[in-house]
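Topology and contacts: notes
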Amino acid sequence: MTADERFAAAARELGHSFDGEIKIGGNYTPVVRDGGQLFVSGQIPRVGDRLLYVGAVGADIGLADARTAAAICAMRALAFVQRAAGSLQAVRAIPRITVYVRSAPAFTQQSEVADGASDLIARVLGPVGAHTRTSVGVFQLPKGVAVEVDLIARVD
């Protein structure tokens, strides 16, 4: 199975489509290519016009839902990579991802939330999806969502 086929399968498992327009919110571009690197802007758990998983993790959102939110963010980021590179088969490495978690004051499982994005990337890309990662707890994220993910991809 190709990375593009695994991407489609992951979308079906999540119950969301990442085809068509992927809405962004602001005066920026969601992906910039610099030579063989793609820099993908922070992606929130938005599908179409719907914001999913709004609230603070550890207060309004549980760990399992936060992990799903992180996976949706990663799917959006990979969708931009797929469009910019022509195929996820062109990905040679994911050197870095950053996962921001809107955290309740006592919540300390940011890395477990980030595993939702990391596991999704590994499932879709296989060994080339191995990456370094930072997970950060923050007070607030755009639109009040629970998670935001950005990444860098090296492509052909």
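Here, every reference points to the structure presented above.
Residues numbered from 1 in each chain as written. Predicted model: local features only at pLDDT ≥ 70, side-chain atom pairs only at ≥ 80, totals over all residues. Heavy atoms only, no water.

A few words now on the side chain of E148. Turning to its location among the elements, E148 is positioned in strand 7 (residues 147-155). For the buried E148, no salt bridge is present, and the opposite-charge side chain at shortest range is R76, 8.8 Å distant. Setting aside anything within four residues of it in sequence, one finds E148 in contact with G42, Q43, I44, C73, T98, V99, Y100, L141 and P142. (Helix = DSSP H or I, 4+ residues; strand = E, 2+ residues; numbered from the N terminus. Buried < 20%, exposed > 50% of the residue type's maximum accessible area, 1.4 Å probe, protein only. Lys, Arg positive; Asp, Glu negative; His and termini not counted. Salt bridge = Lys/Arg side-chain N within 4 Å of Asp/Glu carboxyl O. Contact = heavy atoms within 4.5 Å.)

Here we take up the environment of G25. Within the fold, G25 resides in the loop between helix 1 (3-14) and strand 1 (31-34). Considered as a pair, G25 and P142 are 117 residues apart in the sequence and their alpha carbons are 9.2 Å apart.

Within the largest apolar cluster, 47 residues are counted, with the highest numbers of intra-cluster contacts made by V81, L88, L125, V147 and L151. If you tally residues by element for this core, the top one is helix 2 (residues 63-85), at 13 residues. Excluding residues that lie within four positions of it along the chain, V81 makes contacts with L38, V40, G86, L88, V91, L151, A153 and V155. (Core = buried A, V, L, I, M, F, W, Y, C linked by side-chain atoms within 4.5 Å.)

The sheet contact formed by strand 5 (residues 91-102) and strand 6 (residues 132-138) spans seven bridges and is parallel. Looking at the pairing, Y100 lines up with V136 of strand 6. Read as a crossover between parallel neighbours, the route from strand 5 over helix 3 (residues 110-125) to strand 6 is right-handed. (Pairing = 2+ DSSP bridges. Right-handed = clockwise from strand over helix to strand, strands pointing away.)

Where helix 1 meets helix 3, the closest approach of the two axes is 7 Å, and the angle between their N-to-C directions is 135 degrees. Considered as vectors, helix 1 and helix 3 are oriented oblique to each other. Within the contact between the two elements, helix 1 uses A3, R6, F7, A10 and E13 and helix 3 uses L120, R123, V124 and L125. A class-by-class count of the residues in the contact of helix 1 with helix 3 yields six nonpolar, no polar and three charged. (Axes fitted to C-alpha atoms, helices over the stretch in contact; angles between N-to-C directions. Parallel < 35°, antiparallel > 145°, perpendicular 65-115°, else oblique. Nonpolar A, V, L, I, M, F, W, Y, C, P; charged D, E, K, R; others polar.)

With that settled, the discussion passes to the environment of G15. With respect to the secondary-structure elements, G15 resides in the loop between helix 1 and strand 1. The exposure class of G15 is exposed, given its relative accessible area of 56%. Linking G15 and C73, residues 58 residues apart in sequence, is a C-alpha distance of 14 Å.

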